[in-house]
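These are the residues of each chain, in order.
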Amino acid sequence: MLPGTAFVELAAHAGELTGCPAIDELTIEAPLVVPERGGVALQVTVGGPDGTGRRSLAVHSRPGDAGDDAEDVAWTRHVSGVLSPAEAATEAADRAVAVGTPDADVWPPHGAVPVDISTLYRDLSSLGYGYGTPFQGVRAVWRHADAVYAEVALDDATAVDASAYGLHPALLDAALHSADFLTSDTLPQDTQTGIPFAWSGVRLHARGAARVRVRITAADGGASGDGGSAGGGSIGGGSGSLALEITDPSGAPVASVASLVSRPVPAGRLAASGTDRRPVYGLTWQRGPAVPVSSAPGTWAEVSGAAELAALLDAPARLPGVVLAELPVAEPGAVGTVPDRVRSATGWTLALLRAWLVEKDEDGAGSRPPGTRLVFVTRGAAAVGSDEELTDLAGAAVRGLVRSAQAEYPDRVVLVDDDAARHSSAGVLAAAASTAPEAEIALRQDAIWVPRAMRVPGGPDGDPEAPTAAWDSTGTVLITGGTGGVGREIARHLVTRHGVRHLLIVGRRGGAAPGAAELVAELETLGARVRVAACDVADRASLARPPDRHRPRTPAHRAGARGRGPGRRPAGRPDHRPRRRRAGPEGRRGLASARTDPRRAADRVRPRLLDLRPARRSRAGELRGRQRLPGRPRPSPPGPGPARTVPRVEPVGGR
């Protein structure tokens, strides 16, 4: 966490540049937790002078690696304050010299009682304050009457840079570490984390100090609250205010703080402050134009499979503008499991895509007129309204496969999900597909509905204390497909964002997967215990073995979420698509079966099936350079097309 004293240094520097070096008020509204990876962009804003010459101050931040999301990322305000002109600072310096600390030749003051600080930073660590070496600056502490006296110094490596600061944040932070000794010779056993909240009357009298003497008193004339203080990420969190007088070893004033108040901050708020604050988006559907009237016969055609489509393509002159391919919906009680139907439906879809996207020889045979579209029609495969449920799981898998094709070959394929209760005519479906400007639509209530990525309320850029779906941080979380790129990101997210401490990561190659050892080492440095096992989640017997041994409580199923696109595999490389397609539905079925196993009743927790929607984040042409369709020359890089910015989408709380 960035110490509050760093904000003080930023404010003092901004005030010096604008002729207002005195900090009258500085309120820390939200802590800034620096992420373990990536950086933070800071913005310090100083307003114009008012009638008395005072200026407003604000400090904002946002992720430094926001990239394409930068325009959508809101700045978080951490600090607000008021700066005063140099005259006020001069008057304060004069008062500080007049008041001063006890005679510099008498240090510590007569009658001061030494405090044992041999275990100070170990004790602070047990209270939740982890200070690095530059911040462990307290050298000696004494108590005398109603004050605490301390000697504070930077370590040699940090002291080299002291002259670059007004007052080094690590030095000012360390000056606060002895504040809790105001009321006792030992640290209070307070479990709440306190951080500086409100600074008042901060004046800097000298620059570049590396060693100082500190006198801390209760600014309100009594003890500091109930033993609380304002340490920099300070201890306690009492409501009392402190006053600080800081001098160099000769007694010359260095800095003074008229009042400093801390407040407790819930641990959840600190965690939320350190998360990626880029906005999180969820998929929603918006009502669009009314469903058009039926297209005239002859402007569309229907096909039931790849053979019929190939026959149409052999006569391109007679090819209509829209070709409908409607996925047959399995009747209730149909023979075959859901995974069987998924494999059949995706195989049917893949054959159609290959036939449609092929471009034959340069003599023109088989080429399509521009603007022709292949329209995949599903029913009940998209949950458009909040009260809708998916009724065709095989159709949902088809939609995912078609999205990958759309990302590689824009404007050639359209997805239409029809109202399962209405069964629109082929003419109406063709008219909707040809007039809608979208590559994916749904027909509901006599209207065309279109998908949109909308900000999720209460996401990382919302209320950091808003409740989120909890992951079991004490039990073992199973991540299938966890050795892949997306699986690794999920593992990091669970450890850093949700506090998961036990992970079982499974993949077909287990620990032999490239980068698996590095992933384990990284997660273990973050405090997690990690096991990697070889497991094919499409094989129920294989799936049972690692979970039985490690007893996971929460499966996060990612396997099979992403594979190659609809094009042909590179020469000499085996086709893993059938196995990948099995990994998704078969893995979910196996996880569900394991969950209902009576032997695991005590560990039963609802699995999280992560819908990553990879095609929504793909770039058009991303895979085209790596795969060739049958009979097609290697394509040139795609030319510029219409910009379609798709915001960042991720599971919220683990779906």
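Each value, and the rule that gives it
- For every chain, the first residue of the written sequence is number 1, and numbering continues from 1 along that sequence.
- For this predicted model, a pLDDT threshold of at least 70 governs which residues receive local features, and a threshold of 80 or more governs which side-chain atom pairs are given and counted, while totals over whole chains, interfaces and linings are taken from all residues.
- With hydrogens and water stripped out, all remaining heavy atoms of the structure feed into the side-chain values.
- Put simply, DSSP H or I for four residues or longer makes a helix, DSSP E for two residues or longer makes a strand, and each gets a number counted from the N terminus.
- Between two residues, a contact is recorded if the distance between any of their heavy atoms is within 4.5 Å.
- We get accessible surface area from the Shrake-Rupley algorithm with a probe of 1.4 Å; when it comes to residues, only the shown protein chains can shield them.
- Partly exposed residues are those whose accessible area sits between 20% and 50% of the maximum for their type, while under 20% is buried and over 50% is exposed, using a 1.4 Å probe and protein chains only.
- Only when DSSP finds a minimum of two bridges between them are two strands counted as paired.
- Simply put, an axis is a line fit to the C-alpha atoms, just over the touching stretch for a helix, and the angle between two N-to-C directions goes from 0 to 180 degrees.
- When the strands point away from the viewer, a crossover counts as right-handed if the route from the first strand across the helix to the second turns clockwise.
- To estimate the expected span of a helix, count its residues, drop one, and scale the result by 1.5 Å.
- Here, a salt bridge means any side-chain nitrogen of Lys or Arg that lies within 4 Å of a carboxyl oxygen of Asp or Glu.
- We call a set of buried residues a nonpolar core when its members are Ala, Val, Leu, Ile, Met, Phe, Trp, Tyr or Cys and they connect through side-chain atoms within 4.5 Å of each other.

J.: I'd like a description of the overall build of the protein, backed by residues and values.
T.: Scanning the protein from N- to C-terminus turns up 14 helices and 23 strands. In the protein, the share of contacts with a sequence separation of at least 24, taken over all contacts with a separation of at least 6, comes to 74%. For the protein, the exposed surface amounts to about 30,300 Å²; the carbon and sulfur share of it is 51%.

J.: An account of helix α10 (residues 426–435) is needed here, citing residue identities and associated values.
T.: In terms of residue burial, α10 counts as a mostly covered element, since eight of its ten residues are buried. Along α10, the residues classified as buried are Ala426, Gly427, Val428, Leu429, Ala430, Ala431, Ala432 and Ala433. Taken together, the buried residues of α10 touch β13 (300–303), β14 (322–326), β15 (373–379), β16 (413–418), β17 (440–444) and β18 (447–455).

J.: Pulling in residues and values, what's your account of the sheet that holds β13?
T.: Ordered by their spatial adjacency, seven strands build an open sheet running β12-β18-β17-β16-β15-β14-β13, and the pairing between neighbours is mixed. Lying at the two open borders of the sheet, with one neighbouring strand each, are β12 (281–290) and β13. For this sheet the average axis-to-axis angle between neighbouring strands, irrespective of direction, equals 30 degrees. Pairing between β12 and β18: eight bridges, direction antiparallel. Across the sheet, Gln286 pairs through a bridge with Val450, a residue of β18. Packed on one face of the sheet, helix α7 (residues 306–313) meets β13, β14 and β15 and runs near 145 degrees to β13. Here helix α9 (residues 393–408) sits on the sheet and contacts β12, β15, β16 and β17; the angle it forms with β16, its principal contact strand, is near 155 degrees.

J.: Talk me through the pairing of strand β20 (residues 502–507); I want residue IDs and the actual numbers.
T.: Within β20, five of the six residues are buried, leaving the element largely enclosed by the surrounding structure. In terms of strand pairing, strand β19 (residues 476–480) meets β20 through five bridges, oriented parallel. For Ile479, the partnering residue across the bridge sits in β20 and is Ile505. Following the chain from β19 across helix α11 (residues 485–498) to the adjacent parallel β20, one finds a crossover that is right-handed. Pairing between β20 and strand β21 (residues 529–534): six bridges, direction parallel. What sits directly across from Gly507, in β21, is Ala534. In this fold, β20 hands off to helix α12 (residues 516–525), which returns the chain to β21; that crossover is right-handed.

J.: Quick one: what's the story with helix α8 (residues 338–357), residue by residue and with numbers?
T.: Over its 20 residues, α8 runs 28 Å from end to end, which matches the ideal 28 Å to within 8%, given 1.5 Å per residue. Here α8 has its buried residues at Pro339, Val342, Ala345, Thr346, Trp348, Thr349, Leu350, Leu352, Leu353, Ala355, Trp356 and Leu357.

J.: Which residues make up the pattern of salt bridges, and what values go with them?
T.: One pass over the full model with this rule turns up 15 salt bridges. Between Asp340 and Arg343 there is a salt bridge, with its nearest N and O atoms 2.3 Å apart. With Asp340 and Arg343 both in helix α8 and three residues apart, the pair spans about one turn of that helix. We classify Asp340 as partly exposed; its relative accessible area is 33%.

J.: Which residues make up the nonpolar core, and what values do they have?
T.: Ranked by internal contacts, the top residues of the largest apolar core, which has 53 residues, are Leu26 and Trp199. Excluding residues within four positions of it along the chain, Trp199 makes contact with Gly4, Thr5, Val8, Asp24, Glu25, Leu26, Ile28, Leu172, Leu176, Val257, Ser259 and Leu260. Val303, Leu309, Leu401 and Ala405 belong to the second largest nonpolar core, which has 26 residues in total.

J.: Explain the environment of Gly288 to me, using residue names and the numbers behind them.
T.: Residue position: Gly288 is located in strand β12. Classification of Gly288 by relative accessible area gives partly exposed; the value is 28%. Along the primary structure Gly288 and Val450 are separated by 162 residues, whereas in three dimensions their C-alpha atoms are 6.6 Å apart. In contact with Gly288, not counting residues within four places along its chain, are Ala447, Ile448 and Trp449.

J.: Could you give an account of the environment of Ala301, naming the residues involved and the relevant values?
T.: If you trace the backbone, Ala301 turns up in strand β13. Residue class for Ala301 comes out buried when judged on its relative accessible area of 16%. Setting aside its immediate chain neighbours within four residues, Ala301 contacts Leu312, Pro320, Val322, Val323 and Leu324.

J.: Now, about the pairing of β16: what can you tell me, with residues and values included?
T.: Among the six residues in β16, six count as buried, and that is most of the element. Of the two faces of β16, the one holding Val413, Leu415 and Asp417 and the one holding Val414, Val416 and Asp418 are both buried throughout. In the sheet, β15 pairs with β16 via six bridges, with the strands oriented parallel. Looking across to β16, one finds that Phe376 is bridged to Leu415. For the crossover from β15 across α9 to β16, the handedness is right-handed. Two elements, β16 and β17, share three bridges in a ladder whose sense is parallel. Looking at β17, one finds that Asp417 is bridged to Ala442.

Scope: geometric values only; no functional claims are made or implied.
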